[in-house]
Amino acid sequence: MPIYMQESDKKEFFEFLKNYWNPDFIYVKDNSYFNYEFSGNSNFVLSKKDGKIVAILGFLEYDDRKGDIFNAVWKNSGKEDDGLKCLQFLLNAGYKSVSSCGINKRTIPIYQFFGINTGRLKHFYILNQEIEEYKIAKISKKDIKKVKYEKVNDVIEVNNIDELLNLINYQELKNYNFYKSPEYFNKRYFKHPYYKYHILVKSKKTNSILVYRIVKENGGSCIRIMDFLGDEKEFNELANYLVEKMFQEKHEYIDIYEIGLEDSILKSTGFIERTEDDTNIIPNYFEPFIQKNIEIYYMSNCNSKFRMFKGDGDQDRPSIVKEKKDEE
């Protein structure tokens, strides 16, 4: 039967990652980042055979009171059954929901066998048509609807969790799946050791939070929306702030991977959907940079309406060890 990892298992655990995942995996190369991501307790389930680790499954806890969890790093060294036992362990452990963002498409039938919801995150983007030469995106079809921007005065960026909690009734966010506790949100975005995340809210009465970061690559830059919490009626106003920023700072585009927001809300802001056969390329991989479209698949045993974004789970984690945190 699988067990939660103990401190005494960690040496063998890291050897398992080196041998069966990748010796250059960031969790192996940067121990402090591993401890940040899985702080408090190990947050890994292990399956053992003859005393040796044969499968691992990590998870991130959004709330330490048996709330929503997201799986991360699932690997077998032997039989597929060993990994499935780890998954079954978490499904039966009493969490509010068990989800994963970024599953392998080939594993979808496994999740469906368990009766778990699966799907593909939709990918939307707003192109800055004032850019003459795109360095990150690859645009073959520029005849898409033009976006205008209006000056947005009722949106601000907050710099820490205390400032955020003074502006929003955070408890109201429990009305939406998935609920990220203030402690988790603070660690995930404000305190991230590698990436600089920007947190947007309305400056007066606010009922929602938008998280984005700026990515620079290949001589260009773009704005990537990573998360959205709260009332989606406020999404347009927060996104319009980013449209203004995109034009003023000459970013190539804004993009968002998501499921659960109404398409009409995204499209009314100016987003268009990148389809799986789209000739325009809006890259997802930056470490290393790969100029191709990438599909993100998900699973969740949550049977109520939920939203999922690229910021969920460990989809937006660094792959390359850096000396300092991003400045943007």
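Whatever comes next refers back to the structure up there.
Residues numbered from 1 in each chain as written. Predicted model: local features only at pLDDT ≥ 70, side-chain atom pairs only at ≥ 80, totals over all residues. Heavy atoms only, no water.

Novice: What should I look at first to understand the overall build of the protein chain in this one?
Specialist: If you tally the helices and strands in the protein chain, you get 9 helices and 17 strands. Looking at the protein chain as a whole, 56% of its 328 residues qualify as buried. The contacts in the protein chain between residues at least 6 apart in sequence include a share of 71% that link residues at least 24 apart. For the protein chain, the accessible area works out to roughly 15500 Å², and carbon and sulfur atoms hold 45% of it. (Helix = DSSP H or I, 4+ residues; strand = E, 2+ residues; numbered from the N terminus. Buried < 20%, exposed > 50% of the residue type's maximum accessible area, 1.4 Å probe, protein only. Contact = heavy atoms within 4.5 Å. Areas by Shrake-Rupley, 256 points an atom, 1.4 Å probe, with all protein chains shown as cover.)

Novice: What is the right way to look at the pattern of salt bridges in this model?
Specialist: Charged atoms that come close allow side chains of opposite charge to pair. By the definition in use, this model includes 22 salt bridges. Salt-bridge contacts for E276 lead to R120; the nearest nitrogen and oxygen are separated by 3.8 Å. In this pair, E276 sits in the loop between strand 13 (272–274) and strand 14 (285–286) while R120 sits in strand 6 (residues 117–120), placing the two residues 156 residues apart along the sequence. For the salt bridge of E295 with R274, the shortest nitrogen-to-oxygen distance reads 3.0 Å. With E295 in the loop between strand 15 (289–290) and strand 16 (297–300) and R274 in strand 13, this residue pair connects regions lying 21 residues apart in the sequence. Look at E295 and you get partly exposed, because its relative accessible area is 22%. Look at the salt bridges and you will find they share partners, linking R120, R274, E276 and E295 into a network. (Salt bridge = Lys/Arg side-chain N within 4 Å of Asp/Glu carboxyl O.)

Novice: I'm lost on helix 4 (residues 80–91) in this one. Help?
Specialist: Given 3.6 residues per turn, any residue in an α-helix points the same way as the ones three and four places further on. The terminal C-alpha atoms of helix 4, which comprises 12 residues, lie 17 Å apart, in line with the 16 Å expected from a rise of 1.5 Å per residue. Those residues of helix 4 that sit buried are D82, G83, L84, C86, L87, F89 and L90. (Expected span 1.5 Å × (residues − 1).)

Novice: I keep staring at helix 7 (residues 182–190) and nothing clicks. Help me out?
Specialist: The element helix 7 is extensively covered by neighbouring structure, given that 8 of its 9 residues are classed as buried. Within helix 7 the residues assigned to the buried category are P182, Y184, F185, N186, K187, R188, Y189 and F190.

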